[in-house]
Amino acid sequence: MNGISLPQRDQLLLRFFACLEEHGVSYCVLSGLSAQNPEYDLDVDISAAPADSALIARLVRAFARDNDLLLLFDIWSGTCSRAYTLVQRGSAGRVMLKLDIMAGYGSFSTGEVLRHAELARNRVNNGMFWSLSPQSELAYLAVRHVLKNDNRSYRAERIRELQGTQDMGAFKSAFAPVILDAVKAAAADQLPQKGTTLRRQLARYGRARMGLRRRLAAGAQEIRRRAQRIRQPVGCSIAFLGPDGSGKSTLISALHKNLSPVFHGVTLLYWRPRLLPTPGRLKFWNPAPEKQENPNPHDVVPHGRAVSLARLLYFACDYILGHFLVVLPRMIRKDLVIFDRFLNDIRLDQLRYRMAVPARLLRLIERLAPKPDIIFALHGPPEVLHGRKPELELQETARQVDLLQQMARENRHFAAVNVDRDIEHIVDEIIETLLAACAENGGKRTGSRTRSRPPDR
């Protein structure tokens with residue numbers, strides 16, 4: 001950052017640092033914020049005094065409100081650590097700010113390896129924000145290098161550079177011997193040989209600093225944190241429904257590209273969780289794989305009523321069990337789970353799934369099965385959709401469009417999206433809807449709702 005023409009993300013970041021200083025928060029930035037840093041676009045790690053944690057949480061919410069940002073995630077991510085993700089409203093070129101604010105450096109398993117007072121000792125103000133002194137940066141990078149088993153070359157190069165400029169006698173008096181050992185091992189690229197031993201030693205040192213009483217309190221806090229994460233996952237699940245020609249695959253590909261930086265991962269599922277194998281594979285005499293692409297979806301003969309009911313119940317079990325064993329674990333890890341089609345697609349087009357069951361029973365199964373956070377109902381003029389994919393008759397495409405719009409009006413989980421527009425506008429609308437839902441869910445977790453505005457249509 002040269003102070004002349006800063007990217008929008010850095011302008012927001014500097015405003016946030018100014019907000020912290022205005023309210024007397026003791027902080028220092030742990031991340032390298034230069035554009036040359038390979039991790040420039042990832043989380044901004046900040047160490048802050050433990051006594052300021054409640055104030056920082058209030059300041060983050062106020063900062064999001066004052067700068068028209070969505071507070072997408074406010075995650076209790078460790079014993080003394082919170083992770084915030086703020087996203088600019090409005091356009092596909094959104095600016096995202098990811099802040100990891102911690103009290104020193106450590107975790108529940110490693111204890112207080114480095115305290116905030118040590119990291120903030122002799123901190124340096126570069127005219128824009130407070131950063132680590134070279135001595136503290138050396139300690140931080142070496143400890144992180146060892147604890148995360150991080151062999152990336154640019155980190156080792158920076159450690160060697162800092163080691164060559166520091167008075168190691170002064171360093172030895174400022175930090176514990178085990179941290180000096182970590183510096184020497186990281187600088188000499190000895191992590192493969194000494195990493196395991198050093199990690200154990202650093203963890204013993206950090207836990208001893210906490211003391212028994214604080215370790216017990218931290219253990220109880222960690223249990224609460226994990227229980228909350230299971231009860232209210234920080235990830236999200238969405239599904240796309242629409243007739244052939246509505247552009248589901250194109251939209252999913254665009255979302256995968258645009259939303260990967262927001263979530264820890266993106267999981268793509270076709271129609272169902274697939275915890276259970278396709279029924280065709282259960283036929284030991286002639287097993288058949290489940291098709292994900294069917295160029296002639298109506299060139300099939302539906303099963304009889306009994307077989308259709310059996311298949312419906314089998315798939316319903318996959319949706320129910322798969323939600324808890326496939327979808328939910330990914331959402332707990334802050335993944336975005338995307339379904340290409342969903343259970344409701346059976347009611348939209350039974351013949352595609354070779355079924356013949358009463359619509360009332362299908363609606364009952366839909367109510368019982370766990371639902372995605374949002375089901376995007378893709379609709380448009382039947383003539384346009386049929387022109388893109390003419391596999392089905394125009395009359396059938398029109399019937400599906402009408403039924404899909406009716407389903408969207410009846411179900412609060414649905415969000416209707418007109419796909420007769422430029423792909424950029426459609427993707428932008430979907431992202432805005434999804435981010436607003438994430439911000440709303442985040443407000444429920446923290447007890448502070450972020451008021452979301454409807455996307456511009």
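Scroll up to find the structure.
Residues numbered from 1 in each chain as written. Predicted model: local features only at pLDDT ≥ 70, side-chain atom pairs only at ≥ 80, totals over all residues. Heavy atoms only, no water.

A short note on the packing of helix α7 (residues 177-187) against helix α8 (residues 191-231)
- For the pair α7 and α8, interaxial distance at closest approach is 10 Å and the crossing angle is 160°. Our classification of the angle between α7 and α8 gives roughly antiparallel. Relative to α8, the crossing made by α7 is left-handed. Contact with α7, carried on its side by Val178, Ile179, Asp181, Ala182 and Ala185, involves Leu191, Lys194, Leu198, Gln201, Leu202 and Tyr205 of α8 and no other residues of that element. (Axes fitted to C-alpha atoms, helices over the stretch in contact; angles between N-to-C directions. Helix = DSSP H or I, 4+ residues; strand = E, 2+ residues; numbered from the N terminus. Parallel < 35°, antiparallel > 145°, perpendicular 65-115°, else oblique. Left-handed = near helix turned anticlockwise from the far one by under 90°. Contact = heavy atoms within 4.5 Å.)

What about the pairing of strand β12 (residues 335-340)?
- Most of β12 sits out of view: six of its six residues are buried.
- Sheet topology note: the strand β10 (residues 236-241)/β12 ladder contains five bridges and is parallel. Residue pairing in the sheet places cysteine 236 in a bridge with leucine 336 of β12.
- As paired elements, strand β11 (residues 265-270) and β12 share six bridges and run parallel to each other. By the bridge assignment for β12, tyrosine 270 is matched with aspartate 340. (Buried < 20%, exposed > 50% of the residue type's maximum accessible area, 1.4 Å probe, protein only. Pairing = 2+ DSSP bridges.)

A short note on the environment of valine 401
- With respect to the helices and strands, the residue valine 401 is situated in helix α14 (residues 394-410).
- Sequence separation between valine 401 and alanine 377 is 24 residues, and the spatial gap between their C-alpha atoms is 9.3 Å.
- Beyond its immediate stretch of four places on either side in the chain, valine 401 contacts Pro243, His379, Gly380 and Leu385.

With respect to the nonpolar core
- Of all hydrophobic cores here, the largest spans 37 residues; its most connected members are Ile238, Phe240, Leu255, Leu259, Leu336 and Phe376.
- Counting only elements with at least two residues in this core, the list comes to β3 (69-78), β4 (81-88), β10, α9 (248-259), β12, β13 (374-379), β14 (414-418) and α15 (423-446).
- The element that contributes the greatest number of residues to this core is α15, accounting for nine residues.
- Counting residues in each nonpolar core, the second largest holds 33 residues, with Tyr105, Leu132, Leu138 and Leu191 among its members. (Core = buried A, V, L, I, M, F, W, Y, C linked by side-chain atoms within 4.5 Å.)

Details of unusual backbone geometry
- Positive phi values are uncommon outside glycine, yet aspartate 68 reaches one of about 55°.
- Locating aspartate 68 in the fold gives a position in the loop between α2 (53-66) and β3.

Some remarks on helix α4 (residues 134-147)
- Its 14 residues give α4 an end-to-end C-alpha distance of 20 Å, which sits within 8% of 20 Å, the value for a rise of 1.5 Å per residue.
- In terms of burial, α4 is largely enclosed, as 13 of its 14 residues are buried.
- One or two positions beyond α4, positive phi appears at asparagine 149, with a value near 50°. (Expected span 1.5 Å × (residues − 1).)

Everything listed here is a matter of geometry and, on its own, says nothing about what the molecule does.
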